[in-house]
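Observations on the model geometry
Spelled out from the first residue to the last, the chains are:
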Amino acid sequence: MKNICAILLLLNTTAFAQSSLPDLAKIKIAADAGDPVAQDKMGERDPAHAETWYRKAANQGYVHAQGKLGNLLLMRYSMAYGLKPAERAALGQEALKWVGLAASQGDKQGQANLASICLEGKLVKQDLIAAYKWGELATRGGSGVINFEAISGQSTRNAAILKMNADQIAEANKQVAEFVPHQQQKSDLPEPDWVEKIKLNGINGTAENRLAIINGRTLGKDDRIILKIGETKTAIHCLEIRESSVVIAIDGLPGSRELKLP
């Protein structure tokens, strides 16, 4: 009986301690534990690390975070003139992927940004019909409160209208009416940036018994290892070791990929 009372007292004490925490502390604890909703909220409350938090939630398929991440990357792209052309182009393409994925699922931030991208014609070829479509969709289905996404979408749609003829406007309205939010699949997610840090350092042994060195770890065919890359831990499965490359599978990511010797 005493043991039961002690357990109940401990549970009550723990529950009280959790309930007495500030809201931000509760959110931070949940975010650190991997909850994407909490990570998305941390993106709003921790501007200095917003991209990191949004990326964590976005990689788990949380749509709102995908839209926010795409918006941050897009802003960084627009101001990244000091980057090398290839690096800036890669940044723009990653922004486009997240924006497009969020927009296709009905996220208003993504739709407003995609409308602007289609009108501007830099990351994609200018498409007035798409600019109208995504701009109009960004204005719809809100809470009734005026927000930036709705204002931005309306502005982009109107700018597109000024350059469109009657047939183009009719087609755009048709596409708006037919829009159905996309159901996200794992294969839709852009590859996490940490994947690029998985490197093949060398290959040893004979053709019959080759060993690969990946991020300083040695493994043979069919071996599995856990790699820590930054804050991420991931399991790597070695599928095949070739003369100058290795085929691996990464837990949680679809398909396989080939690592080549530098």
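Preceding this paragraph is the structure being described.
So, here is what we can say about the structure in this document. (Residues numbered from 1 in each chain as written. Predicted model: local features only at pLDDT ≥ 70, side-chain atom pairs only at ≥ 80, totals over all residues. Heavy atoms only, no water.)

Glycine aside, a negative phi is what most residues show, and trans is what most peptide bonds show. Even without being glycine, Asn 215 reaches a positive phi, approximately 50°. Note on placement: Asn 215 falls in the loop between strand S2 (210-214) and strand S3 (217-220). A positive phi angle is found at Asp 222, which is not glycine, with a value near 75°. Among the secondary structure elements, Asp 222 is positioned in the loop between S3 and strand S4 (224-229). Taking relative accessible area as the criterion, Asp 222 reaches 52% and is therefore assigned exposed. (Helix = DSSP H or I, 4+ residues; strand = E, 2+ residues; numbered from the N terminus. Buried < 20%, exposed > 50% of the residue type's maximum accessible area, 1.4 Å probe, protein only.)

The N-to-C vectors of helix H6 (residues 85-104) and helix H7 (residues 108-120) enclose an angle of 125°; their axes lie 8 Å apart at closest approach. Between H6 and H7, the angle falls in the class oblique. The hand of the H6/H7 crossing is left-handed. Here H6 contributes Leu 96, Val 99, Gly 100, Ala 102 and Ala 103 to the contact with H7, which in turn contributes Gly 110, Gln 111, Asn 113, Leu 114 and Ile 117. Residues that form the contact of H6 with H7 fall into these classes: six nonpolar, four polar and no charged. (Axes fitted to C-alpha atoms, helices over the stretch in contact; angles between N-to-C directions. Parallel < 35°, antiparallel > 145°, perpendicular 65-115°, else oblique. Left-handed = near helix turned anticlockwise from the far one by under 90°. Contact = heavy atoms within 4.5 Å. Nonpolar A, V, L, I, M, F, W, Y, C, P; charged D, E, K, R; others polar.)

Before going further, it helps to examine the nonpolar core. One finds Leu 114, Trp 134 and Met 164 to be the most contacted residues of the largest nonpolar core, which totals 34 residues. Those elements that provide at least two residues to this core are helix H4 (50-59), helix H5 (63-79), H6, H7, helix H8 (128-139) and helix H10 (166-178). Sequence-distant contacts of Leu 114, that is, excluding residues within four places in its chain, are made with Leu 96, Val 99, Gly 100, Ala 103 and Trp 134. Judged by nonpolar contacts, the second largest core, of 18 residues, contains Ile 198, Leu 200, Ile 225 and Ile 236. (Core = buried A, V, L, I, M, F, W, Y, C linked by side-chain atoms within 4.5 Å.)

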